Amino acid sequence: MKFCSECASPVSLSIPAGDNRPRYVCSNCAAIHYQNPKMVLGSIPVWERDGELKVLLCQRAIEPRHGYWTLPAGFMENAETTGEAAMRETEEEAGANIKLGPLFTLLNVARVHQVHMFYLAELLDLDFAPGVESLDVRLFSEAEIPWHDLAFPTIRTTLELFFADRVKIREGGGYGFHTQDITRTMRSDLDPS
Ligand code: ZN
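Just so it is clear, the structure is predicted and the values come from calculations on it, not from any experiment.

## A short note on the coordination of the zinc ion
Thought 1: Each protein donor to the zinc ion is listed here as Cys-4 (SG), Cys-7 (SG), Cys-26 (SG) and Cys-29 (SG); together their distances run 2.3 to 2.4 Å.
Thought 2: For the zinc ion, the 4 donor atoms are set out with angles of 98 to 119 degrees between them, so the coordination reads as tetrahedral.
Thought 3: All donors of the zinc ion belong to a single chain; written as a sequence motif, their spacing is C-x2-C-x18-C-x2-C. In this pair, Cys-7 is assigned in the segment before strand S1 (11-14) and Cys-29 in the loop between strand S2 (23-26) and strand S3 (32-33), connecting sequence segments 22 residues apart.
Thought 4: The class for Cys-29 is partly exposed, based on a relative accessible area of 37%.

Here it is, written out as structure tokens:
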């Protein structure tokens, strides 16, 4: 940030008394502007009929990663719960009607100051349609997942964990709750060297 949101004077980075890391401090009113991680909430909408399982993905109509595929997800708003945020983003981006299930992944993306969470969700009908932030919305079987055209590492990680748990379910297990620290980037995924 460059200017104080209280008085519009320039801010500069300094370590306030009693603190141990640099903060934006106003040169005029001495207001300290703390910055904290953002929460990104999304869902894994699943359509399962006659033993066949598909997952709903959205093709992004906005930057970053325009044209790449993602689970419906976005920044949590003030005054809403994590579940409400996941439901809202799924409605906004995919026009999808879902029944929210348990939290499935909690992924720290410390590099970009974000925490991503994805809920399992049951897709209730096939009346979905792309919202303004999506070019397309489609159901994908595991074999059809566009692994090389996914938007973000947390999407890839969540889908990998989801299909790994499906194998465990076929062997009599259930879905787990997974927490990971994400250090991979899409570039390192596509070019392991
Ligand atoms: Zn100020």
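## Considerations on the nonpolar core
Thought 1: Counting residues in hydrophobic clusters, the biggest one holds 21 residues, and the most contacted among them are Ile-44, Val-55, Leu-57, Leu-71, Leu-159 and Phe-162.
Thought 2: The set of elements that each furnish at least two residues to this core consists of strand S4 (38-49), strand S5 (52-60), strand S9 (114-123) and helix H2 (153-170).
Thought 3: The element best represented in this core is H2, accounting for 5 residues.
Thought 4: Here Leu-57 is in contact with Trp-69, Thr-70, Leu-71, Asp-136, Val-137, Arg-138, Phe-140, Ile-145, Pro-146, Leu-150 and Leu-159, once residues within four sequence places are set aside.
Thought 5: Among the nonpolar cores identified, the runner-up in size contains 10 residues, and Cys-58, Ala-96, Val-137 and Leu-139 belong to it.

Criteria and thresholds
- Residues numbered from 1 in each chain as written.
- Predicted model: local features only at pLDDT ≥ 70, side-chain atom pairs only at ≥ 80, totals over all residues.
- Heavy atoms only, no water.
- Donors = N, O, S within 2.8 Å, 3.2 Å for Na, K, Ca; no water.
- Tetrahedral: all angles 85-135°; square planar, octahedral: opposite > 155°, others 65-115°.
- Helix = DSSP H or I, 4+ residues; strand = E, 2+ residues; numbered from the N terminus.
- Buried < 20%, exposed > 50% of the residue type's maximum accessible area, 1.4 Å probe, protein only.
- Core = buried A, V, L, I, M, F, W, Y, C linked by side-chain atoms within 4.5 Å.
- Contact = heavy atoms within 4.5 Å.

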